[in-house]
Amino acid sequence: MLPTINNFRVLARDRSGKDVFFRSSAIDRASVADAAIIINDLNIRTVVDFRTETENNFSSNEYLRENFSVSAIRIKQTSPTLEFEHKEITNVNASRHVYCLSLFQSKAALVYLKMLPFFQMLYMGFLYLVDKIFNTKYFNKNLMSMVGQFGIRMVYRTMALKSRSEICTVLKLINSGSKWPLLIMCSIGKDRTGMISALLQYIQGCSMEKIQEDYCISEVNLRRDIHIYRKAAIHYKVELEEFIQSPKDLILLFFEVVEEQSGSVEQWLNDGGFTFSEQQELRDKLESFS
């Protein structure tokens, strides 16, 4: 545990037994001491950030800002092959990189917009137009709070249904487009990070019981600093308990929706652009649990 980075832990090791994947909540709030551990002791070379643009506050941490360059990931195409590109945000001459790719893109947002009362839908549409005309961020600022009112279970179902391209892009980036050791993160390191972590563990050969066990650790970690998350829960319009809970059936729901679409996790990933051969390539790099 790092005192100023909650929900931080090792996710996976490579074939030599070296810790190569870590997961955590947002590291923006890291103290200089904890940031130094990330950089110097753990030698983390890559951070993948799943937050939306308005959630991201990485540049506020001077120590991290000086040691990591930041790029946004944009999906160029999903067919016939999944391709993405980097767009540089900060021009820092650093060997360490942060890649920003929100798992909550337009297809996922549209699911929630369709469920809104008519006047609230009009209001969100108005904010979207304002953002396009004036290059503001009002739509995204309201987006995550809009999502919260439908509950966490809906978030997991929607991610499995509508965010496959983004999820597969993350896995392609992890497999061949980034330097290890690597850390993945979102706001509290439980939901978006939890889904990607579960998929990585599945590829690694972990049993569903082990995947669920690791997922449940998040709730234990978050309860230690529950006071920190009261304000965030209010912002996202989610009950505090629902915000921090990580019951086994929640991550199982994600896998069930994945399998309902394609029959298996492997096929779902392949259909999304992270091919069978790429899955095997990543599996061969990681400590085996199969």
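Residues numbered from 1 in each chain as written. Predicted model: local features only at pLDDT ≥ 70, side-chain atom pairs only at ≥ 80, totals over all residues. Heavy atoms only, no water.

### With respect to the overall build of the protein
Part 1: A tally of helices and strands in the protein yields 14 helices and seven strands.
Part 2: Relative to the 2.2 N^0.38 estimate, which gives 19 Å for 290 residues, the radius of gyration of the protein is 18 Å and therefore close to what a compact globule would have.
Part 3: Expressed as lengths along the three principal axes of its C-alpha atoms, the size of the protein is roughly 55 × 45 × 40 Å.
Part 4: When each of the 290 residues of the protein is scored for burial, the buried share is 51%.
Part 5: By sequence separation, contacts in the protein at least 24 residues apart represent 73% of the contacts at least 6 residues apart.
Part 6: Where the 35 positive side-chain charges of the protein centre and where its 34 negative ones centre are 3 Å apart. (Helix = DSSP H or I, 4+ residues; strand = E, 2+ residues; numbered from the N terminus. Rg over C-alpha atoms; globule rule 2.2 N^0.38 Å. Buried < 20%, exposed > 50% of the residue type's maximum accessible area, 1.4 Å probe, protein only. Contact = heavy atoms within 4.5 Å. Lys, Arg positive; Asp, Glu negative; His and termini not counted. Charge placed at Lys NZ, Arg CZ, Asp CG, Glu CD.)

### Comments concerning the packing of aromatic side chains
Part 1: Summed over all chains, the structure comprises 10 aromatic pairs.
Part 2: With a centroid separation of 4.7 Å and an interplanar angle of 65°, the aromatic rings of F21 and W180 are classed as edge-to-face. Of this pair, F21 sits in strand β2 (residues 19-24) while W180 is found in the loop between α7 (164-176) and β7 (182-185), placing the two residues 159 residues apart along the sequence.
Part 3: You can call W180 partly exposed: its relative accessible area is 22%. (Phe/Tyr/Trp six-rings, centres within 6.5 Å; stacked < 30°, edge-to-face > 60°.)

### Some details on the packing of helix α12 (residues 248-262) against helix α13 (residues 265-272)
Part 1: It is the contact of α12 with α13, at a shortest axis distance of 8 Å, that shows an interaxial angle of 70°. What the angle tells us is that α12 and α13 run roughly perpendicular. α13 is crossed by α12, and the crossing has left-handed handedness. Here α12 contributes F254, F255, V258, E259, Q261 and S262 to the contact with α13, which in turn contributes V265, Q267, W268 and D271. (Axes fitted to C-alpha atoms, helices over the stretch in contact; angles between N-to-C directions. Parallel < 35°, antiparallel > 145°, perpendicular 65-115°, else oblique. Left-handed = near helix turned anticlockwise from the far one by under 90°.)

### Brief notes about the sheet that holds β2
Part 1: Read across the sheet, seven strands follow the order β1-β2-β7-β3-β6-β4-β5 without closing on themselves; strand pairing throughout is mixed. Of all strands in the sheet, those bounded by a partner on one side alone are β1 (9-13) and β5 (83-88). Ignoring which end each strand starts from, the neighbouring axes of this sheet average 25° apart.
Part 2: Bridge count between strand β4 (residues 68-77) and strand β6 (residues 96-100): five bridges; the pairing is parallel. When the bridges of β6 are listed, F68 appears paired with R96.
Part 3: This element, α7, spans β2, β3 (46-49), β4, β5, β6 and β7 of the sheet and lies at about 125° to β4.
Part 4: On top of the sheet, helix α9 (residues 208-224) reaches β1 and β2; it is set at about 165° to β1, its chief contact. (Pairing = 2+ DSSP bridges.)

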